[in-house]
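Commentary on secondary and tertiary structure
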Amino acid sequence: MRHRRHVVILALLGVFALACEGGADAGPAPTGEPRPGRPSSMAALGDSITAGLASCAVYVACSRNSWSTGGADAVDSHYRRLKEANPAIKGRARNFAVPGARVAELPAQAASAADAGSAYVTVLVGANDVCTGGIDDMTPVHTFRAHLDKALGRLKKGLPESRILVASIPDVYRLWELGHDDANAVRAWNRGVCPAMLANATSTADADDDRRRRVRERIDAYNDELARACESYGRRCRWDGGAAHGVRFSLDLVSKADYFHPNVAGQNRLADVTYPGRFTW
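These figures come from a predicted structure and were not determined experimentally.

Reading the values: rules and limits
Counting restarts for each chain: residues are numbered from 1 in the order of the written sequence. The predicted origin of the model limits local features to residues at a pLDDT of at least 70 and limits the giving and counting of side-chain atom pairs to 80 or more, whereas totals for whole chains, interfaces and linings rest on all residues. Side-chain measures here rest on the full set of heavy atoms in the structure, leaving out hydrogens and waters. In this description a helix means any DSSP run of H or I spanning at least four residues, a strand means any run of E spanning at least two, and both kinds are numbered starting from the N terminus. For the area figures, the Shrake-Rupley method with a 1.4 Å probe applies, and any residue is considered shielded solely by the protein chains shown. Lines are fitted to the C-alpha atoms to define the axes, a helix being fitted only along its stretch in contact, and any angle between axes, read from their N-to-C directions, falls within 0 to 180 degrees. Roughly parallel covers angles under 35 degrees, roughly antiparallel covers those over 145, roughly perpendicular covers 65 to 115, and oblique covers all other angles. For this analysis, residues touch if any pair of their heavy atoms sits within 4.5 Å. All residues other than Ala, Val, Leu, Ile, Met, Phe, Trp, Tyr, Cys, Pro, Asp, Glu, Lys and Arg, Gly among them, are scored as polar; the first ten of these are nonpolar and the last four charged. When a carboxyl oxygen of Asp or Glu lies within 4 Å of a side-chain nitrogen of Lys or Arg, that pair is called a salt bridge. Here a crossing is taken to be left-handed if its near helix is turned anticlockwise relative to the far helix by less than a right angle, and right-handed if that turn runs clockwise. Relative accessibility thresholds used throughout: buried, under 20% of the residue-type maximum; exposed, over 50%; partly exposed, between the two (1.4 Å probe, protein chains only). Any two strands between which DSSP finds at least two bridges are classified as paired. Among buried residues, the Ala, Val, Leu, Ile, Met, Phe, Trp, Tyr and Cys ones that are joined through side-chain atoms within 4.5 Å form a nonpolar core. Two aromatic rings from Phe, Tyr or Trp, using only the six-membered ring of Trp, form a pair when their centres are within 6.5 Å; if the ring planes differ by under 30 degrees the pair is stacked, by over 60 it is edge-to-face, and anything between is tilted. The directions from the helix axis to the C-beta atoms are what the arc is built from.

As for the overall build of the protein chain
Counting secondary structure elements, the protein chain contains 11 helices and 5 strands. For the protein chain, the exposed surface amounts to about 12,200 Å²; the carbon and sulfur share of it is 50%.

Description of the packing of helix H4 (residues 106–115) against helix H6 (residues 141–158)
Two numbers describe how H4 lies on H6: the axes approach to 8 Å, and their chain directions differ by 10 degrees. Between H4 and H6, the angle is such that the two are roughly parallel. Residues Leu 106, Pro 107, Ala 108, Ala 110, Ala 111, Ala 113 and Ala 114 of H4 pack against His 147, Leu 148, Lys 150, Ala 151, Arg 154, Leu 155 and Gly 158 of H6. Counted by class, the contact of H4 with H6 contains 10 nonpolar, 2 polar and 2 charged residues.

Quick word on the pattern of salt bridges
For the structure shown, the criterion picks out 11 salt bridges. Between Glu 161 and Arg 236 there is a salt bridge, with its nearest N and O atoms 3.0 Å apart. Of this pair, Glu 161 sits in the loop between H6 and strand S4 (163–166) while Arg 236 sits in the loop between helix H10 (206–233) and strand S5 (237–239); the two residues are 75 residues apart in sequence, bridging distant segments of the chain. Among the salt bridges present, the one from Arg 212 reaches Asp 209, with a minimum N-O distance of 2.9 Å. Residue Arg 212 and its partner Asp 209 are both found in helix H10; the two are separated by 3 residues, about one turn of the helix.

A look at the packing of H6 against H10
Across the interface, H6 lies against H10 with an axial gap of 10 Å and an inter-helix angle of 30 degrees. With respect to each other, H6 and H10 are oriented roughly parallel. Judged by the sense of rotation from one axis to the other, the crossing of H6 with H10 is right-handed. Between H6 and H10, the contacting residues are Val 141, Phe 144, Arg 145, Leu 148, Asp 149, Leu 152, Leu 155 and Lys 156 on the first element and Arg 218, Ala 221, Tyr 222, Glu 225, Leu 226, Arg 228, Ala 229, Cys 230, Ser 232 and Tyr 233 on the second. Classifying every residue of the contact of H6 with H10 by side-chain character gives 11 nonpolar, 1 polar and 6 charged.

Overview of the pairing of S4
The two faces of the sheet receive side chains in turn, since in a regular strand these alternate between them. Side chains Arg 163 and Leu 165 of S4 all project onto a buried face; the interleaved residues Ile 164 and Val 166 project onto the opposite face, where all are buried too. Here strand S3 (residues 120–124) pairs with S4 via 4 bridges, running parallel. Along S4, the bridge assignment pairs Thr 122 with Leu 165.

Side note on the nonpolar core
With 54 residues, the main nonpolar core has Leu 45, Leu 155, Ile 164, Trp 189 and Leu 198 as its most contacted residues. Looking at this core, the element that brings in the most residues is H10, giving 7 residues. When sequence neighbours within four positions are dropped, the list of residues in contact with Trp 189 reads Leu 175, Trp 176, Gly 179, His 180, Leu 198, Ala 201, Asp 258 and Tyr 259. With 14 residues, the next largest nonpolar core counts Ile 49, Tyr 79, Leu 165 and Ala 271 among its residues.

Structural notes on the packing of aromatic side chains
This structure, assessed with the given rule, holds 2 aromatic pairs. Between Phe 144 and Tyr 222 the ring centres are 4.1 Å apart and the planes differ by 10 degrees, which places this aromatic pair in the stacked class. Taken as a pair, Phe 144 in helix H6 and Tyr 222 in helix H10 lie far apart in primary sequence, 78 residues in all. Comparing Phe 144 with Tyr 222 shows no difference in burial state: the two are buried. On the numbers, 5.5 Å between centres and 40 degrees between planes, the contact of Tyr 173 with Trp 176 is tilted. Here the residue Tyr 173 and the residue Trp 176 both occupy positions in helix H7 (residues 172–179), the gap between them amounting to 3 residues, near one helical turn. The exposure classification of Tyr 173 matches that of Trp 176, with both residues buried.

Side note on H4
All of the buried residues along H4 are Leu 106, Pro 107, Gln 109, Ala 110, Ala 113 and Ala 114. Buried residues of H4, seen end-on, are gathered within an arc of 160 degrees and therefore sit on one face of the element. On its buried face, H4 is in contact with strand S1 (42–46), S3 and H6. One or two positions beyond H4, positive phi appears at Gly 117, with a value near 70 degrees.

Description of the sheet that holds S3
Here we have 5 strands laid out as an open sheet, ordered S2-S1-S3-S4-S5, and parallel in their pairing. Here the strands that pair on one side only, and so sit at the sheet edges, are strand S2 (93–95) and S5. Taken over all neighbouring pairs, the strand axes of this sheet differ in orientation by 15 degrees on average, direction set aside. Packing of H10 onto the sheet brings it into contact with S4 and S5, and relative to S5 it is tilted by some 155 degrees.

Right, dumping it as structure tokens:
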């Protein structure tokens, strides 16, 4: 998610980034015909969740642990599941997700996925559109939908035969419910983690309760638009049915670095609930 202090942290730790990067297996893809119906390439779009931020030993993007395109043994990602069914996808998973990205940046990511010719594309975006400095900074719902439609339009034009998965935004309010009495979580959040929801985490004042309620409602509104946009896209787009949002996660599934981003176990859980096993590939 977007934190102002992350810029400094990322700069200091950038030297370690290569140890955490590399979403899919290196090396050339195997030759031969792919199994019928399974994609031979894929791409991931979104923000720091999909980029795997905070899932490695250092606080950097770690796409090898991504729920979508991750190639690490620790995460049973969509990519690894697809590779079992179709080895031709090996080395053909691209992760275009960027920490801090909002929905306004999704069309550019979609263009990259189209240029790559990705046969399967995952989309998880919206948390940064609410995790802002305050209520008034949240992306308006109609603006959110406009950027989303533009991104999906680019995918449909550039990848008319590809499959699209749209995942719901996780329940940040549940995170507050779980962590507002945890001193370590509150200490981490006080460094500027998702202030619209998590600022003054221990407060039960009416103003703070109202702020959290409004953020929760905005996430629900975004998820409604994600579902509708996918339905409008047509039969090649699958909405996760609110599965990512509905995960009854615990603090054991989030990084102890910020008590916000999924750790390896959290990335695995996201992969489990969002994998589109019912796709007619």
